[in-house]
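# Examining the three-dimensional arrangement
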Amino acid sequence: MNEETILDQALNGELPDDLLKSMLSDDTRRAEFAVQVRTDAALRALLEPAQSTDALTHAILASVKTASEAKISERILATTRPRKSWASRPVRWLGMELPRWATAAAVLAIGGVIGGATWPGFVRQYELAAVIEARTGKPFTLSTGLPAKAKMAAVLTVAQPVQTVAHSVNEQALPTAKPSAPQLHFDDLMAQAKVSSSPPMGQPIDTTPAPLPTPAAAAPPPAQTTAVVAAPTPPPPMLLTTYARPTEGERIDFEKHVLPILERACFDCHSAKLKKPKGGIRFDDLATIRTKSRTDNLLFPHKPTKSSLYISIAKPMGDSDIMPPAKEGKPLPADEIALIEKWIEQGADFGDWTSARAKQVPINTTSEVVDAANALATAQRIDELVGKGLREHNQAPNGLTDDATFLRRISLDLVGRIPTSDEAQHFLKAKEPDKRSRLVNDLLASNGHVSHMFNYWCDLLRAKDALADDVEGQPYLTWIKRSVRDNVPYDQWAREMLSPSGFGWKAPAAGYYLRDGDNRQTNIEVTATLFLGTQIACAQCHDHPYDKWTRKDYHTFLAWTSGIQASSADASVGSVSGGMIKEAAGRYDRLAMGVKNYDRQAKYRKLSDAVETLQRAAGDGGLVNGAGMPAILPADYQYDDGTPGEALAPAVLFGTQPIATTNQSTADAFAAWVTSPSNPRFSLTLANRLWAKLFGLPFAGPVDQVQDIADCDNPDLAQYLVNVVRESKYDVRQVLRILCLTQAYQCAASAPPSSGDEAYHFPGPIVRRLSAEQVWDSMMALAVKELDQNLDFEVAGTETLEAVTQATKTSDVTTAARKIIAAQEREMKADARRTRKFGDMAVEFAGGTLERASELPQPTPNGHFLRMFGQGNRDFINDSWRQATVPQALLMLNSDFFDYVARSGSPLNEATKRSSGVSDIVRSVFLAVLTREPSKAEIAACLDTLGETRNPKALARTLLTTAEFAFQK
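Throughout what follows, the structure given in this document is the object of discussion. (Residues numbered from 1 in each chain as written. Predicted model: local features only at pLDDT ≥ 70, side-chain atom pairs only at ≥ 80, totals over all residues. Heavy atoms only, no water.)

### Digging into helix H13 (residues 334–345)
What counts here: Numbering of helices and strands starts at the N terminus; helices are DSSP runs of H or I of at least 4 residues and strands are runs of E of at least 2. Expected span of a helix: the number of residues minus one, times 1.5 Å. Working definition: with a 1.4 Å probe on protein chains only, accessible area under 20% of the residue-type maximum means buried, over 50% means exposed, and in between means partly exposed.
The first and last C-alpha atoms of H13 sit 16 Å apart over 12 residues, in line with the 16 Å expected at 1.5 Å per residue. When we look at burial in H13, the residues that qualify are Ala334, Asp335, Glu336, Ile337, Leu339, Ile340, Trp343 and Ile344. Positive backbone phi, approximately 120 degrees, marks Gly347, located one or two places after H13.

This is the structure in structure tokens:
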């Protein structure tokens, strides 16, 4: 234990008796302790807001722990009363024996400050100015007496009568911390302790450097002056008694015990008081605390020595990295450091606290009526709320975009590609005042919108061609496309996924569970994130380190889906029993074993596999949605709120506990609770995702860790958007329509915030890079005519699968299996031909012809253009990425794909055919690729490069490799 820790513990009454006696037997340690007592008591008394007779008691209580105010008052009186041999008799204080000189030192300091007799000399002798500045955060001079920020009267005048009281006591020297300081004697300490603690107002403060008295001299007569203290805005109280101390055995409560310490010591540098809090750390907002804990171990629950917060506050005094810094705030005393350490050891539980402002924020739109059918009026109300938020932060919205920028933005956001030349010319020439709203309606009703939103939902649902355990994903993928095409309400869509029964074409939504097979833990984590904006994965093995979810919470939540079980693989197909299907597959297996020809063996094995695949995809098998089972705590459960193997009933994470009716399974009740209009997180999570899709940033925190409405930067806007989603009856297309009609969306774009912790108030959308699918589909729009008109929204092989569900005999199933094998063989031959013809390009564009991303394998294979540009592998929710890489640049510069862009019959080639000269060709290519007219300088530069050639391929390649093409603004 270092010296400073020993002294701090002695001051707070926490030092063990043996160490205390050892400290008191050492003159140097004892002297330092005396100085600490005087300094701490004096400063606390100085910063006491009220000048009253109670100030002495309050200051002593702040400096030394005791049982009650009455007892400490009695001891103060006993200490200051003349008594023979008082200095030689120890007094019992804090349950330990302290020499009476320590008590007298505290009384002297407080009495001197309150009486004003020795304050200037005390400050100079013990160099307290720096300590006061650190405590208050303001410059301190004796001429002003108190820092400007102190919570005191505007003009403070205090009398300072000094009288010398003679006592018959045994003299004992009190050594000081510095050799140069004069020796103090108990006679003089006691004399000054008799100074009145409540002097009359109206007398000036002495500013002369009066030294502390010695046995040979009394204090000099006081000079008179007036101290003026400005207090424009009272700050939070500076006393260390502003936080509640937990009682013995009481669990530390963050809001009650810890938050006041952080508010006093940390908020000036690490809160929303600063536009950019130091180190990006904010202690007034739980979301940012969690973020910093994940990235920088700000808090490491149960392990304070690994928590940067504790490491910083527990550094030795004088360390340059100690927090709060010596120049900005007094480092925390030992008892507060110990309290924070214990809180972290207990798990750093924040309880229901989310931010310093949440409980004080009024939300005025909670009951506001929304007519979601009136898209324009609803959009105007959103603009009003966005504008209100901007004004509160002294900002203004960006100006409206021009038509060309709006056309490109809305096309990328709603149909996932740039507009074609024909679309651009049609829109830019239109003169109708409502042409933007008409364009929004047209795009939302298009095939391109279905294709684009299919990509969007596949990323979120992690949808793939092959689900777990080799279950075919075609029914699930087709169901997603059809649900988007038919604009199925989002709550209905979610209920179908969360509470399915069967699979194949009878219940394709079961693919949501079959995606993870028997891994029910992964599935429930996805459900919490996707539909509730909450991450619970960490709580599977231990209490969540950055959230309030416990391990027990996790397993009781998991129990809601315990009734979802994989059904037998012996499911029937149409009228053909599962046993007959298995017999057919077995027959092909036996044929394969009975022949020596390798090709015939492979053929029979393929037939056997195809029959079983059909059974899984088109049969009744898949999932059984039955009664749930209790949650069973794992064998390694480590907390005292449960025992391993204990059975627990299902429980939700928040809100009202649902109860399954007699006609409901447990999963049915769970799905109804998740999608209920009374569950605000379901609506808030969807609103946050759709807003982030259009604006580039969410309004309610990260889409996978949604904030409570009161914690949002604009809570009125957040609540209103929840109302919009709910009152639209979860019509995703209508919500997108409303958001696209807002002026906030149609304003010019801004650069993203420079820091992820910096709030964005939405003066307009942010500039952002295109997704892999947007880049691909935009290039397809240049190369393929009528790209969207050719979409049929059917996954390959769906017709065969749907037909086999009507099978009446085994041969119907085996015939379908042969058709599937033949189609696979044709595709393999086509891949081989592409490889021979295009070489490396066959890998870049593997998986099919030139068509939209939604029609390619889900996801595309490694090496494909889409994967190189950031398409995820669908292992996690939205695991795609948008960073630029060197392979992307090399691909764009060297790929032979550009031969297709400018080939005869391509939309780009057709657009340039109508051009009358090279200048017109340049304009046509700019309009087709960048959706705008080139400047005069750009035309001149292109003419120098192109000369008299009419081939637009080189220019198109150049424009497609620019940042302007790769970004949306």
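### Observations concerning the nonpolar core
Filter applied, for reference: Nonpolar cores are built from buried Ala, Val, Leu, Ile, Met, Phe, Trp, Tyr and Cys residues. Side-chain atoms within 4.5 Å join them into one set. Two residues qualify as a contact provided that any one of their heavy atoms is within 4.5 Å of a heavy atom in the partner residue.
Among the nonpolar cores identified, the biggest contains 106 residues, and Trp457, Trp493, Tyr512, Phe531, Phe557 and Trp691 are the most heavily contacted of them. Contacts of Trp493, omitting those with residues within four sequence positions, involve Trp457, Leu461, Trp479, Ile480, Ser483, Val484 and Val488. Formed by 42 residues, the second largest nonpolar core is a distinct cluster that contains Leu866, Phe897, Tyr900 and Leu960.

### Re helix H17 (residues 435–444)
All of the buried residues in H17 are Lys435, Arg436, Leu439, Val440, Leu443 and Leu444. Tucked inside the fold, the buried residues of H17 contact helix H15 (403–414), helix H16 (421–429), helix H18 (447–461), helix H29 (732–741) and helix H30 (743–746).

### Things to note about the packing of aromatic side chains
Aromatic ring pairs are defined here through the distance separating the ring centres and the angle between the ring planes. Selection criterion: Put simply, two rings from Phe, Tyr or Trp (the six-membered ring, in Trp's case) pair if the centres are within 6.5 Å, and we call them stacked under 30 degrees between planes, edge-to-face over 60, tilted for the rest.
Under the counting rule described, the total for this entry stands at 33 aromatic pairs. Centroid distance Tyr512 to Phe531: 6.1 Å. Interplanar angle 55 degrees. Geometry classified as tilted. With Tyr512 in helix H21 (residues 511–514) and Phe531 in helix H22 (residues 520–532), the pair connects residues that are 19 residues apart, well separated along the chain. Each member of the pair, Tyr512 as well as Phe531, carries the same accessibility label: buried. For the ring pair Tyr637 and Tyr639, a centre distance of 5.7 Å and an interplane angle of 75 degrees mean the geometry is edge-to-face. Assessed through its relative accessible area of 6%, Tyr637 is described here as buried.

### What to know about empty space enclosed by the protein
Worth spelling out the cut-off: The distinction between a cavity and a pocket rests on a 1 Å grid over the protein atoms alone: a 1.4 Å probe fits inside a cavity but cannot get out, while a pocket stays open yet meets protein on both sides within 12 Å along at least five of seven lines, and a residue with an atom within 4 Å of a point counts as lining. Grid points are joined across faces, edges and corners, and a volume is the space filled by probe spheres set on the points. Residues are grouped as follows: nonpolar covers Ala, Val, Leu, Ile, Met, Phe, Trp, Tyr, Cys and Pro; charged covers Asp, Glu, Lys and Arg; every other residue, Gly included, is treated as polar.
One pass over the full model with this rule turns up 11 cavities of 30 Å³ or more. Its boundaries defined by the atoms lining it, the second largest cavity holds a volume of some 130 Å³. Considering the residues around the second largest cavity, the lining is formed by His449, Met453, Trp457, Ser483, Val484, Asn487, Val488, Trp493, Val732, Arg733 and Leu736. At the level of elements, H18, helix H19 (474–485) and H29 are the ones that each hand at least two residues to the lining of the second largest cavity. Residue composition of the lining of the second largest cavity, grouped by class: 7 nonpolar, 3 polar and 1 charged.

### Side note on unusual backbone geometry
Along the chain, Met323 connects to Pro324 via a cis peptide bond; the corresponding omega equals -10 degrees. Here Pro324 shows up in the loop between helix H12 (308–313) and H13. Cis geometry marks the peptide bond from Gln858 to Pro859; its omega dihedral reads -10 degrees. Secondary-structure assignment places Pro859 in the loop between helix H34 (841–844) and helix H35 (865–868). A positive phi is found at Arg462, a non-glycine position, where the angle reads about 60 degrees. The phi dihedral of Tyr730 falls on the positive side, at around 60 degrees, and the residue is not glycine. In this structure, Tyr730 sits in the loop between helix H28 (715–727) and H29.

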